[in-house]
Amino acid sequence: MNIPFVDVGRQYKNIDKEIIRVVKDVFSKGRVLQGEKITTLESELARFHNLSYGVAVNSGTDALIFSLRALDLPPKSRVAVTSLSFVASASAIVNAGFIPVFIDVDEYYLMQEKKVLKLIEKNKIKAIVAVHLYGQMMDLKKIHSAAKKKGIKIIEDNAQSLGATRFGKTAGYYSNCVCLSFDPTKVVNAYGSGGMVLTDNKKISEKIKMLRYHGHVGNRIYKISGYNSQMDEVQAAIILEKLRYVDLWEKRRIEIAKYYSNELRGYLEIPRIKEGNKHIFHKYALRVTGKIRKELMDYLLKNGVQTSIHYSLPLNKQLSLKLFALKKPLPVVEKYTKELFSLPIYPELINREVEYVCRKVKTFFSD
Ligand SMILES: *Cc1c(COP(=O)(O)O)cnc(C)c1O
């Protein structure tokens with residue numbers, strides 16, 4: 001058996017005809033930037049989140065940076081963010097000119113709600129980057145109502161949780177902006193880089209449109225100093241094609257996760273699903289006590305199963321971010337980052353492979 005951790009090639013084999021057709025279509029029309037596929041994708045994803053505006057950009061990272069910049073926060077504002085995420089959740093705050101305030105996580109691997117509420121109450125933050133990690137949403141209801149009273153802004157980092165819901169609602173209900181990523185590893189992926197901001201606020205959407213292309217407002221007038229962060233028309237066409245498979249892919253991910261959890265409960269610390277959540281399992285992350293993690297990962301690799309770690313360091317300990325770390329330790333993320341590892345999970349895994357992974361984990365523990 002050879003089970004890679006991610007395999008974009010397998011996905012392609014199932015949909016190659018559709019992909020080639022839309023690629024040909026875009027290339028033969030000749031409009032490769034800011035065309036109709038971009039605007040269609042923007043409105044489809046806005047509608048999916050029950051929001052009015054979508055702005056496609058070149059990456060999830062840019063989506064976060066532009067969102068932060070479009071909210072008109074005072075200079076040097078403090079922005080709360082989880083300490084367990086991909087680095088971009090926090091580096092975007094720094095790159096937008098603000099200061100990350102790292103928060104510890106709960107048993108669902110999500111930012112601790114109580115800590116955020118406390119920071120709001122004590123007027124310590126001006127914004128929150130709420131990361132919906134691994135495929136499930138954090139609870140923003142209380143945070144949103146407390147933040148709203150104080151004019152504190154909320155950005156949802158939904159790079160890993162497109163399609164997830166909380167009590168039936170997608171991201172976008174309790175925030176100012178939602179950010180998406182179409183990185184090749186994500187649930188709906190481009191063949192390259194891509195991202196999007198979704199919002200109900202026209203002004204924010206217009207500011208982000210300016211930021212993504214040199215502050216252009218038409219007729220060669222450049223109102224603010226912006227960037228060049230466009231999504232390729234061909235990527236938009238591809239993503240639109242893939243969106244037709246979201247439900248199917250999501251179902252299969254959930255099915256695989258259920259199988260893993262049923263089989264591995266008792267051997268490993270399986271992921272918990274918060275009540276009311278539809279977890280779409282972008283990642284299937286489990287925990288195993290410190291020393292055994294490396295042994296187990298090595299054993300699985302030797303048997304053809306590639307695993308990974310999300311994430312091996314708290315963000316407040318990354319070289320690029322540690323100057324923003326508070327003195328107070330964050331014990332939960334500290335412990336979890338030593339124990340977490342992720343099993344391969346993608347819709348194209350066949351049952352025989354999923355069973356094999358579980359069997360190998362069990363053999364490891366019984367030997
Ligand atoms: C992937 C990811 C990003 C960044 O998206 P890119 O498209 O890679 O720039 C941000 N936040 C989280 C949680 C992610 O997983």
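Note that the structure is predicted; figures quoted are calculated from it, not measured. (Residues numbered from 1 in each chain as written. Predicted model: local features only at pLDDT ≥ 70, side-chain atom pairs only at ≥ 80, totals over all residues. Heavy atoms only, no water.)

Caption draft 1: Broad picture of helix H3 (residues 60-70). Burial within H3 is extensive, with nine of its 11 residues counted as buried. Every buried residue of H3 is accounted for by Gly-60, Asp-62, Ala-63, Leu-64, Ile-65, Phe-66, Ser-67, Leu-68 and Ala-70. Backbone geometry just after H3 places Asp-72 at a positive phi near 55°. (Buried < 20%, exposed > 50% of the residue type's maximum accessible area, 1.4 Å probe, protein only. Helix = DSSP H or I, 4+ residues; strand = E, 2+ residues; numbered from the N terminus.)

Caption draft 2: Structural context of the site of the ligand. Taken together, 16 residues lie around the ligand, and Gly-60, Thr-61, Asp-157, Ser-181 and Lys-186 are the ones closest in. Take Lys-186: an N or O atom from its side chain is 3.1 Å from an oxygen atom of the ligand. Burial of the ligand by the protein amounts to 93% of the accessible area it has alone, namely 380 Å². Those elements that place two or more of their residues in the shell around the ligand are H3 and helix H4 (88-95). In terms of residue count, H3 provides more of the shell around the ligand than any other element does, three residues in total. Here the shell around the ligand is built from residues that sort into five nonpolar, eight polar and three charged. (Near = heavy atom within 4 Å. Polar contact = N/O pair within 3.5 Å; in protein donor to acceptor, adjacent residues only side chain to side chain. Areas by Shrake-Rupley, 256 points an atom, 1.4 Å probe, with all protein chains shown as cover. Nonpolar A, V, L, I, M, F, W, Y, C, P; charged D, E, K, R; others polar.)

Caption draft 3: Spotlight on the nonpolar core. Among the nonpolar cores identified, the biggest contains 63 residues, and Leu-68, Leu-84, Ile-120 and Ile-128 are the most heavily contacted of them. In terms of residue count, the dominant contributor to this core is H3 (six residues). With residues up to four places along the chain from it excluded, the contact list for Leu-84 reads Val-105, Tyr-109, Leu-133, Tyr-134, Tyr-311, Val-333, Thr-337 and Leu-340. Residues Tyr-299, Val-354, Tyr-356 and Val-357 belong to the second largest nonpolar core, which totals 27 residues. (Core = buried A, V, L, I, M, F, W, Y, C linked by side-chain atoms within 4.5 Å. Contact = heavy atoms within 4.5 Å.)

Caption draft 4: Structural view of unusual backbone geometry. The amide bond that connects His-310 to the next residue, Tyr-311, takes the cis arrangement and shows omega of 10°. Despite not being glycine, Gln-34 shows a phi value in the positive range, around 50°. Within the fold, Gln-34 resides in the loop between helix H1 (8-29) and helix H2 (36-48). Although it is not a glycine, Tyr-134 adopts a positive phi angle of roughly 65°. Along the chain, Tyr-134 turns up in the loop between strand E4 (127-131) and helix H6 (141-149).

Caption draft 5: Highlighting the side chain of Ser-261. With respect to the element layout, Ser-261 can be found in helix H9 (residues 246-264). Sequence-distant contacts of Ser-261, defined by excluding residues within four places in its chain, comprise Ile-270, Pro-271 and Tyr-284.

Caption draft 6: Molecular detail of the environment of Gly-290. Looking at where Gly-290 falls in the secondary structure, it is placed in helix H10 (residues 290-302). The spatial distance from the C-alpha of Gly-290 to the C-alpha of Gly-30 is 54 Å, given a sequence separation of 260 residues. Ignoring any residue separated from it by four or fewer positions in sequence, one finds Gly-290 in contact with Lys-338 and Glu-339.

Caption draft 7: Examining the sheet that holds strand E3 (residues 99-103) more closely. Read across the open sheet, the seven strands follow the order E1-E8-E7-E5-E4-E2-E3; overall the sheet is mixed. Only two strands of the sheet have a single neighbouring strand rather than two, namely strand E1 (53-57) and E3. Along the sheet, successive strands turn relative to each other by an average axial angle of 20°, direction set aside. Here strand E5 (residues 153-157) runs beside strand E7 (residues 177-181); their pairing, made up of three bridges, is parallel. Bridge assignment links Asp-157 to a residue of E7, and that residue is Cys-179. Across the face of the sheet, helix H5 (residues 113-121) comes into contact with strand E2 (78-82), E3 and E4 while running at roughly 135° to E3. (Pairing = 2+ DSSP bridges. Axes fitted to C-alpha atoms, helices over the stretch in contact; angles between N-to-C directions.)

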